[in-house]
Amino acid sequence: MIAVLAGGVGAAKFLRGLISVIDPSSITVIGNTADDEEFLGLHVSPDLDTVVYTLADAVDPEAGWGIANDTYTALEQAAQLGQETWFKLGDKDLATHLLRTKLLRSGNTLSQATQAVADAFGVTCRLLPMSDDRVRTIVTTDDGDISFQEYFVRRRQEDEVKALKFEGAEQAQPAPGVLDAIKRASGVIIAPSNPLVSIGPILAVPGIREALVDTDAKVAAVSPIIGGRALKGPAAGMLESLGHESSAAGVAKLYEDMLDVLVLDEEDRVLAPDVEALGITPIVTNTIMRDAARRRALAEATLESIS
Ligand code: GDP
């Protein structure tokens with residue numbers, strides 16, 4: 001079994017490659033839920049849903065999140081009724097959040113609701129939230145503390161990030177199966193996701209980081225930073241403003257205690273010695289997943305590095 005730590009879009013693309021190489025039922029995905037938020041009274045799990053929609057081949061290919069060919073009738077009507085509608089929820093997407101919220105309100109855990117959503121979409125990977133407890137990413141900006149979605153969606157990642165907090169993380173427990181998956185895995189992969197706000201909250205749940213350090217399995221990460229930049233999203237600026245290096249070597253340093261391998265892009269070949277100096281094996285390959293063949297090749301190279 002391969003365990004994969006996953007954020008949203010970057011992770012989902014990687015997982016899509018991975019399921020073209022190995023049996024999806026041999027993959028356990030541990031997803032970030034610190035971006036979860038309630039909108040229109042519904043529990044939305046943006047990162048888990050991006051993984052499900054992508055693996056089910058239902059994702060909007062342009063955006064990389066949401067459902068393809070969705071419509072926005074319900075959201076338009078909600079706006080008419082005076083609701084806040086800055087978080088874009090399509091009509092089909094809303095059905096997912098209705099299902100999840102119904103299950104949570106009737107006493108199911110987030111793990112159970114997540115599995116039900118994955119099953120409903122025919123996703124056969126095992127999909128675990130990092131925790132069944134509420135953990136919330138809070139972003140400190142010049143205007144004070146705001147929720148992650150407020151920063152990411154409403155304010156379009158325009159604020160400088162002064163600090164990050166994962167509210168509730170200290171009291172949270174890993175969801176059932178998370179520690180066991182890391183312990184029993186034949187290999188662990190940290191997907192190309194934002195290391196601070198997608199992987200960071202997973203590692204902040206007590207016990208998860210320790211399990212990654214202790215596991216006998218090899219642990220590989222795929223760098224989401226290429227040539228000092230993120231392909232999409234605020235990772236590069238956030239790394240810099242929080243005092244980290246915005247480079248593949250900077251990513252290696254963040255994961256140094258648990259990492260055996262870092263997969264970095266051809267463009268960053270010059271950084272391989274810096275990665276090696278940290279005691280981490282660098283694997284240099286094309287990491288831009290622009291099509292199915294590239295996704296598959298990256299998955300194969302990553303798997304080979306931990307086999
Ligand atoms: P989000 O939660 O939806 O923002 O997604 P993630 O945290 O999973 O992924 C965001 C990161 O994925 C960004 O830092 C991107 O640079 C990275 N990313 C996206 N596509 C690719 C790709 O094709 N290759 C690599 N190496 N990184 C990617």
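Before reading on, note that the structure itself is shown above.
So, a few notes on the structure that sits alongside this text. (Residues numbered from 1 in each chain as written. Predicted model: local features only at pLDDT ≥ 70, side-chain atom pairs only at ≥ 80, totals over all residues. Heavy atoms only, no water.)

This brings us to the pattern of salt bridges. Inspection of the entire model under this criterion finds 15 salt bridges. The closest approach of N and O atoms between Glu-245 and Lys-253, which form a salt bridge, is 2.6 Å. Taking relative accessible area as the criterion, Glu-245 reaches 37% and is therefore assigned partly exposed. Three or more residues are tied together by salt bridges with common partners; here these are Glu-84, Glu-150 and Arg-154. (Salt bridge = Lys/Arg side-chain N within 4 Å of Asp/Glu carboxyl O. Buried < 20%, exposed > 50% of the residue type's maximum accessible area, 1.4 Å probe, protein only.)

Let us look at the sheet that holds strand β5 (residues 126–129). Across the sheet, 7 strands lie side by side as β5-β2-β1-β9-β10-β13-β14; this open sheet has parallel pairing. Edge positions in the open sheet fall to β5 and β14 (281–285), since each of these has one partner strand only. Recorded for the sheet is a direction-independent mean angle of 20 degrees between the axes of neighbouring strands. Judged from the 5 bridges that link them, strand β1 (residues 2–6) and strand β2 (residues 27–31) form a sheet pairing that is parallel. Across the sheet, the residue bridging to Val-4 is Val-29, located in β2. Across the sheet, helix α1 (residues 9–18) lies against β1, β2, β9 (187–190) and β10 (218–222), angled at about 160 degrees from β1, the strand it touches most. This element, helix α2 (residues 46–55), spans β2 and β5 of the sheet and lies at about 170 degrees to β5. (Pairing = 2+ DSSP bridges. Helix = DSSP H or I, 4+ residues; strand = E, 2+ residues; numbered from the N terminus. Axes fitted to C-alpha atoms, helices over the stretch in contact; angles between N-to-C directions. Contact = heavy atoms within 4.5 Å.)

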